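Residues per chain, in single letters:
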2 protein chains.
Amino acid sequence: MRTALAVIDRDGVAGLTMRKFGAELGVDPMAVYYYLPDKGALFDAVVEAVHDEVGELLVEEGATWQSLVWETFQRTRRVLLRHPHTIPLVGTRPVLSPRMLARADRLIAALVEVGLTAATALNIVACARSYTVGYLLVEAGVPAGPPVGAGVADADVMVAYPSLAAGMAQGYDPDRQFGMGLRALLDGFPAG
Amino acid sequence: MRTALAVIDRDGVAGLTMRKFGAELGVDPMAVYYYLPDKGALFDAVVEAVHDEVGELLVEEGATWQSLVWETFQRTRRVLLRHPHTIPLVGTRPVLSPRMLARADRLIAALVEVGLTAATALNIVACARSYTVGYLLVEAGVPAGPPVGAGVADADVMVAYPSLAAGMAQGYDPDRQFGMGLRALLDGFPAG
DNA sequence: ACCTGAACACCGTTCAAGT
DNA sequence: ACCTGAACACCGTTCAAGT
């Protein structure tokens, strides 16, 4: 699976071919089908490998549910930025493997331990996860299918779309913007 | 483009083939290339058609920035639920057409009119959009590539993952959960 | 048990040719 | 200007066959 992830990082998800994957493993392309039922299983394995890279939080003294959720999804973002081609896969393929479920279970358990109900914890995690994946998709996601055509020149934006231009005037800081949204989501939740 | 969207709604994005698209139009499959440079352009046109369906808000007396953003993304969700196969496309292909930019510009302008700075308006819209797309991706998104394998039976979840099971005990209401997260995002934003 | 290789039914895209 | 059809270089997957 490290091989599959490496191929995706290098060539994109369209570049991960059953044939190429076999070749990369130094094996007949079709040998892969002995271990994996189809290409979807290969994708799911890659998604799981990415989640493994996020790893698990250890709950420190004085942790709050806000700090746990914040740290979890900041880490998630950092990992996804290292594997931008996998973002559509991660957002799109619900992997329900035992390892994945166990990890989710431990996160919910940790949040319950610091005072949340299980139902609230699940709500917050689901929303924060949606926000994170959605944000990464537009921040760093590589378009599905062929590349997108050229956009619009900056000068055009300034004159034709004044409000947009005004909003963008002081630049765009993804780190800061992602953090603002995640912070807002946590601060605004009727949970504490 | 209505034809292309209809094909995607029926057969999924993998089912929208340049060849099938031509056939559906009653024309030689390759005739499409006279009008569109490649398949990416076809995807972008579909994304634009979906955004057109969301339409535009009219700003009523007494509107706040919260009510405008709320209404915008509730509508976006409703439209995406009608075209679930397009969600990965919408989340993934940044269409910067004049029509799209003009619509974004008018939304920002409306938010400035009710008291936000342009920069803040852009931040909020970007975050709310990320949240919405991310949420829909897991709520209704159809996995990229081949279908995902079978998950885990409910009974297994109960015994092996107790915290997860406790959180899910009172059921899952996507409408309510989506609304909670969007509300939290708006309430928590340091903007008012 | 594990791998091979031919074959099937497709793709997106190019390009010379038609009207 | 607009459309056709053959061709190219690929795909994922199946399956009989090898060791």
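Given the structure is predicted, the values throughout are model-derived calculations rather than measurements.

How each quantity is defined
Each chain has its residues counted from 1, running along the sequence as written. Written order determines the labels here, with chains lettered from A and ligands numbered from 1. Residue-level local features of this predicted model are given only where pLDDT is at least 70; pairs of side-chain atoms are given and counted only at 80 or more, and the full residue set underlies all totals for whole chains, interfaces and linings. Computation of side-chain values covers all heavy atoms of the structure but excludes hydrogens and water. Scored from 0 to 100, pLDDT reflects the predictor's confidence in each residue. Secondary structure counts use DSSP, requiring at least four H or I residues in a row for a helix and at least two E residues in a row for a strand, with both numbered from the N terminus. Between N-to-C directions, angles span 0 to 180 degrees; the directions come from axes that are lines fitted to C-alpha atoms, helices contributing only their stretch in contact. It is the rotation of the near helix from the far one that decides the hand of a crossing: anticlockwise by less than a right angle makes it left-handed, clockwise makes it right-handed. The contact criterion used is simple: two residues touch if any of their non-hydrogen atoms lie within 4.5 Å. The nonpolar class holds Ala, Val, Leu, Ile, Met, Phe, Trp, Tyr, Cys and Pro. Asp, Glu, Lys and Arg form the charged class, and all remaining residues, Gly among them, are polar. The term buried area denotes the loss of accessible surface (1.4 Å probe radius) that occurs when two parts are joined, taken as the sum for both partners. The salt bridge criterion pairs a side-chain nitrogen of Lys or Arg with a carboxyl oxygen of Asp or Glu, the two atoms within 4 Å. In protein, a polar contact requires one atom able to donate a hydrogen and another able to accept it; more generally it is a pair of N or O atoms within 3.5 Å, and residues adjacent in sequence count only if both atoms are side-chain atoms. One less than the number of residues in a helix, times 1.5 Å, gives the span that helix is expected to have.

Asks: I tried to follow the confidence of the model for chain A on my own but got confused; where do I start?
Replies: Close inspection of predicted coordinates is inappropriate in any region flagged by low pLDDT. Averaged over all residues, the pLDDT of chain A equals 92, while 94% of them reach at least 70. Per-element mean pLDDT across chain A ranges from 79 in helix α8 (residues 154–160) of chain A up to 98 in helix α4 (residues 65–82) of chain A.

Asks: Which parts of the structure should I look at to understand the packing of helix α3 (residues 39–54) of chain A against helix α6 (residues 98–113) of chain A?
Replies: Two quantities define a packed helix pair, namely the angle between the axes and the distance from one axis to the other. Residue and element names in this part refer to chain A. Between α3 and α6, the least distance of the axes is 10 Å, while the angle of their chain directions is 35 degrees. Every pair of crossing elements has a handedness; the one defined by α3 and α6 is left-handed. In this structure, α3 contributes Val-47, Glu-48, His-51 and Asp-52 to the contact, and α6 contributes Arg-99, Met-100 and Arg-103. Of the residues belonging to the contact of α3 with α6, the class tally is 2 nonpolar, 1 polar and 4 charged.

Asks: I tried to follow the interface of chain B and chain A on my own but got confused; where do I start?
Replies: Often, the extent of an interface is quoted as the loss of accessible area upon association of its parts. Tallying the contact residues gives 61 residues for chain B and 60 residues for chain A. Its largest share of buried area at the contact with chain A, chain B owes to B:Thr92, B:Tyr161 and B:Leu164, together 12% of the area lost on that side. On the surface where chain B and chain A come into contact, there are 0 salt bridges. Linking chain B with chain A are 8 residue pairs in polar contact (both at pLDDT 80 or more). For the side of chain B that touches chain A, the leading source of residues is helix α7 (residues 118–140) of chain B, giving 13 residues.

Asks: So what exactly am I meant to see when it comes to α4(A) here?
Replies: Structurally, the α-helix is built with 3.6 residues per turn, so residues lying three or four positions apart point the same way. A rise of 1.5 Å per residue sets the reference length of α4(A), with its 18 residues, at 26 Å; its end C-alpha atoms lie 26 Å apart and thus fit the reference within 8%. Turning to α4(A), the residues buried within the fold contact α3, α5 (87–92), α6, α7 (118–140) and α10 (174–188) of chain A.

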